[in-house]
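Examination of the molecular architecture
Residues per chain, in single letters:
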Amino acid sequence: MDDFKRAGNAVHGARRVWVPLAVVGALLALTAVEGLLGRALPEAEALAPGTVVEFGADRQVSAQVGEGWTLDEAASDLNTGVTLHKGDVTVRLDLVSFDAGKPDGVREMWDGMAQVLKIEQYAGEDVWLGDPIAFDTKWISGALYGNLQVGTDIGTAFVMPAEDGGQAVEAKILGPFDADQGDWAEATAIIDSVDFEDEEADA
Amino acid sequence: MSAVHAAALPRRAVDFRSVAFWCMIAVSAFGVWTLKRNMVPAMLAFPASAALNVAVMLACLAVGVWLARRVMRPVQAPPWSGTWLALMWGGLAACGLAVVMNTRLLSVWSQVLGLEASASWAAALTAPLNEEAVKVAGVVLLAAVSTRLVRSAADGLVYGALVGFGFQIVENFTYGLNGIVLGGGVEPFAVSFQTLWIRIVLTGIGSHWAMSAVAGAGIGYLVSASGRSAARRVWVAVGCMLLAMGMHFLFDSPILGGIAGTLAKPLINFAVVMAVYVVVRRRFRARWAEVSAEETAVGALTEDEARSLSRRGSRRRHLRAFKGPDRTAQAHVQALQLALLEERIPRRLPAGAARPWREAVAAARPVSGT
């Protein structure tokens, strides 16, 4: 069969109409199937009370959850950060690594986070971050927190540096104004439990 | 007479009225919208890093396009119209679609495999499927934009490389900005520089351009009149696509981890694309020599012209033997001879198909003694 005629290329005649339409149709179908698959699967995994979630490239950060929390698998990547939900309250924990140059103290980390939040602002979201206040947890000292508002959600942002200053956990607790007070308290307990793996102890 | 012959020849490599052309424009417009939504807010928040990213992207574009056009196709570069269409598809349409598709599929893997396994394998299971599919679609569309753009495996290889290269530089741009977020917004300029350094200098040699060149060569072989059976052409195209996906899988997988692995994987991909390039180039040159000999026999080329025509340097040296208006006239003859031989690269063309080109060459020759 001579399927080339004078063209020297198999995509000639009527094929020049249906082949491109079929190609674009196939790409759209693939996109749609992947979207439908994601919707068909459960997004969140229920966590047992006391579960310790470890994340970071070497799973070097841990946080412990209380009762009724779920791990949002679609929005989490253990290499970089996790998203936890309970009721209307969301806790987002991100590990940031300062590979290109250590910041000059936790205040610079806070300013960096504030600048990253501006991305959402430029995307059209209403974002407001209050002034930082120093705090310590049982495991981490020299951390900062401040009030945060993203859209209609309110909450708190945290920056918790590792001891060597080479990385930090940036956390956000967000929820609607009328979210359950108990859920807010449990979210804060998760922040208090955040810890960096103690390399010296492991050695 | 010369003008009449020249007017009868098809001059445009791209048919702007084709369905494929407008499909490429429409999907690229969607890609621009997607990329704008993802990148512009970050560019506004970190303007200095954005400026660095733009400068690096333009420099890479200039160097990469020059290299692809100068090296990747034997005899002569592809037409500029096809070059820009390939870059547009890769950088805008493919990259924009991949952003949407990857977000969806990565989330599926997290839910199916669990977070621990997906942290290691999700990228390797997502990118080879989505990104190779959207990139190779560009080469198929180019083949449908005009019957003259993709007519050999060599054409498919160079357009695949250009599509992949367009994808690579826009992806580098997005990674340069995403790196700032992963670095907590601290030292954003240094973070962008570090990200670009790794992605261009350390791994760029075996990244998207190499994978798409392999897949594109298969599409070129599939659509070209190479004299092979349809079944064989389909199997070669499928094989090239699977090879490209395998290269991408290796690139993104945790196999060969560590710094040594990060450096070795691009080199392996580079070796694969070079092996494909050598095979494609050898076949193209063999066919070129064949049609060159045939056209010399019928008088469209002299033996001296045939010898000088197949390489850029020898064509320039051939022209240097002429002065003034003679050189201009000879350059015109040379361009028509190149077009004649390119026209004859596909096999199975009817005997009369090349006749207008031969007549144009004959008409363009300066008449002796005038």
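Residues numbered from 1 in each chain as written. Chains lettered and ligands numbered in written order. Predicted model: local features only at pLDDT ≥ 70, side-chain atom pairs only at ≥ 80, totals over all residues.

1. Topic: the overall build of chain B
For clarity, the threshold we go by: Runs of H or I in DSSP of at least four residues are treated as helices and runs of E of at least two as strands, each being numbered from the N terminus. The size measure is the radius of gyration over C-alpha atoms, and the globule rule it meets is 2.2 Å times the number of residues to the 0.38 power. Any residue surrounded by 20 or more other C-beta atoms within 10 Å of its C-beta is treated as buried, while 12 or fewer makes it exposed and the intermediate range makes it partly exposed; C-beta atoms here are placed from the backbone. A pair of residues counts as a contact when their C-beta atoms, built from backbone coordinates, are within 7 Å of each other.
Within chain B, the regular secondary structure consists of 14 helices and zero strands. Start at the N end of chain B and walk to the C end: the helices and strands fall as α-α-α-α-α-α-α-α-α-α-α-α-α-α. A compact globule built from 370 residues would reach a C-alpha radius of gyration of about 21 Å, and chain B, at 23 Å, matches this within 12%. Across its three principal directions, the C-alpha atoms of chain B cover 80 × 45 × 40 Å. Across the 370 residues in chain B, those meeting the buried criterion constitute 49%. When contacts within chain B are restricted to residue pairs at least 6 apart in sequence, those whose partners lie at least 24 apart make up 79%.

2. Some words on the overall build of chain A
Of regular secondary structure, chain A possesses four helices and 12 strands. A compact globule built from 203 residues would reach a C-alpha radius of gyration of about 17 Å, whereas chain A, at 24 Å, exceeds it by more than 25%. Considered along the principal axes of its C-alpha atoms, chain A spans approximately 80 × 40 × 40 Å. Considering chain A as a whole, with its 203 residues, one finds that 36% of them fall into the buried category. The long-range share in chain A, meaning contacts at least 24 apart out of those at least 6 apart in sequence, stands at 49%.

3. Focus on the packing of helix α5 (residues 115–145) of chain B against helix α6 (residues 153–182) of chain B
All names here are of chain B. For clarity, the cut-off: Fitting a line to C-alpha atoms yields each axis, with helices limited to the stretch in contact; the angle taken between N-to-C directions then spans 0 to 180 degrees. Here is the rule for angles: anything less than 35 degrees is roughly parallel, anything more than 145 is roughly antiparallel, 65 through 115 is roughly perpendicular, and the remaining ranges are oblique. In this scheme the crossing of two helices becomes right-handed for a clockwise turn of the near helix relative to the far one and left-handed for an anticlockwise turn of less than a right angle. Asp, Glu, Lys and Arg are counted as charged, while Ala, Val, Leu, Ile, Met, Phe, Trp, Tyr, Cys and Pro are counted as nonpolar; the rest, among them Gly, fall into the polar class.
In contact at an axis separation of 9 Å, α5 and α6 are set at 135° when each is read in the N-to-C sense. Between α5 and α6, the angle falls in the class oblique. For the pair α5 and α6, the crossing hand works out as right-handed. Listed contacts from α6 to K135, G138, V139 and L142 of α5 are G156, Y159, G160, V163, G164 and F167. Across the contact of α5 with α6, the residue classes tally to five nonpolar, four polar and one charged.

4. Let's talk about the interface of chain A and chain B
Opposite the 53 residues of chain A that make contact, chain B presents 51 residues. At the level of secondary structure, the elements contributing two or more residues to the side of chain A that touches chain B comprise α1 (15–40), β6 (89–97), α2 (106–122) and β11 (167–175) of chain A. The biggest single contributor to the side of chain A that touches chain B is α1 of chain A, with 14 residues. Class assignment of the residues belonging to the side of chain A that touches chain B gives a composition of 28 nonpolar, 13 polar and 12 charged.

5. Examining helix α3 (residues 47–71) of chain B
Residues and elements named next belong to chain B. Going by this rule: Expected span of a helix: the number of residues minus one, times 1.5 Å.
A rise of 1.5 Å per residue sets the reference length of α3, with its 25 residues, at 36 Å; its end C-alpha atoms lie 35 Å apart and thus fit the reference within 8%. Every buried residue of α3 is accounted for by S49, A50, N53, V56, G64, V65 and A68. Against α2 (19–45), α4 (80–113), α6 and α7 (188–202) lie the buried residues of α3.

6. Brief notes about the environment of R312 of chain B
All names here are of chain B. Checked against the element boundaries, R312 lands in helix α12 (residues 312–320). Judged by C-beta crowding, with 12 C-beta atoms within 10 Å, R312 ranks as exposed. Measuring from C-alpha to C-alpha, the distance between R312 and P74 comes to 9.2 Å, with 238 residues separating the pair along the chain.

7. Quick notes on the nonpolar core
Applicable threshold: Think of a nonpolar core as buried Ala, Val, Leu, Ile, Met, Phe, Trp, Tyr and Cys residues, each tied to the set through C-beta atoms within 7 Å. Here the bounds of each domain stem from an automatic or database domain assignment.
In this structure, M24, L141 and V214 of chain B are the most contacted members of the largest nonpolar core, which totals 153 residues. Considering every element that reaches this core, the biggest residue donor is α5 of chain B, with 17 residues. Counting only domains with at least three residues in this core, you end up with domain 1 (3–264) and domain 2 (298–364) of chain B. If we skip the residues at most four places from it in the chain, L141 of chain B touches P20 and V23 of chain A together with A20, C23, M24 and W89 of chain B.

8. Quick look at the environment of R355 of chain B
Residues and elements named next belong to chain B. Topologically, R355 is positioned in helix α14 (residues 355–364). Given 11 C-beta atoms within a 10 Å radius, R355 is considered exposed. Sequence separation between R355 and F46 is 309 residues; the distance between their C-alpha atoms is 59 Å.

9. Some words on the pairing of strand β9 (residues 143–150) of chain A
Residues and elements named next belong to chain A. For clarity, the threshold we go by: Two strands are said to pair when DSSP picks up at least two bridges between them.
Sheet topology note: the strand β7 (residues 127–129)/β9 ladder contains three bridges and is antiparallel. When the sheet's bridge partners are listed, W128 is paired in β9 with Q149. Here three bridges tie strand β8 (residues 133–135) to β9, and the two strands are oriented antiparallel to one another. Residue A134 lies in a different strand from β9, and its bridge partner there is L144.

10. Focus: the domain arrangement of chain B
Residues and elements named next belong to chain B. We note that the domain assignment places domain 1 (3–264) and domain 2 (298–364) within chain B. Spacing between the C-alpha centres of domain 1 and domain 2 amounts to 34 Å. Of the residues lining the interface, 12 residues belong to domain 1; the matching set on domain 2 comes to 12 residues.

11. Focus: the sheet that holds strand β2 (residues 52–55) of chain A
Residue and element names in this part refer to chain A. Strand order in the open sheet formed by three strands is β2-β3-β12, and the pairing between neighbours is antiparallel. Two strands lie at the open edges of the sheet, namely β2 and β12 (195–196), each paired on one side alone. Of the strand pairs in this sheet, strand β3 (residues 61–64) and β12 are connected by two bridges, and their pairing is antiparallel. Its bridge partner lying in β12, S62 is registered against D195.

12. Looking at the UniProt feature "transmembrane region" (unreviewed entry) in chain B
The following threshold applies: UniProt positions are given in the numbering used here, feature names are shortened, and annotations may be inferred rather than shown by experiment.
The feature "transmembrane region" (unreviewed entry), as given by UniProt, occupies residues 19–35, 42–68, 80–101, 197–222, 234–251 and 263–280 of chain B in the numbering adopted here. End C-alpha atoms of residues 80–101 of chain B are separated by 30 Å, and the span's content is 100% helix alongside 0% strand.

13. A look at unusual backbone geometry
The backbone of R59 of chain A sits at a positive phi, close to 50°, despite the residue not being glycine. As for its position among the elements, R59 of chain A is in the loop between β2 and β3. Even without glycine at this site, E187 of chain B takes up a positive phi of about 50°. Looking at where E187 of chain B falls in the secondary structure, it is placed in the loop between α6 and α7.

14. A look at the environment of G206 of chain B
All names here are of chain B. Structurally, G206 can be placed in the loop between α7 and α8 (208–223). Separated by 66 residues in sequence, G206 and V272 have C-alpha atoms that sit 9.1 Å apart. Other than its neighbours up to four places away in sequence, G206 contacts F251, K265, P266, L267, I268, N269 and F270.

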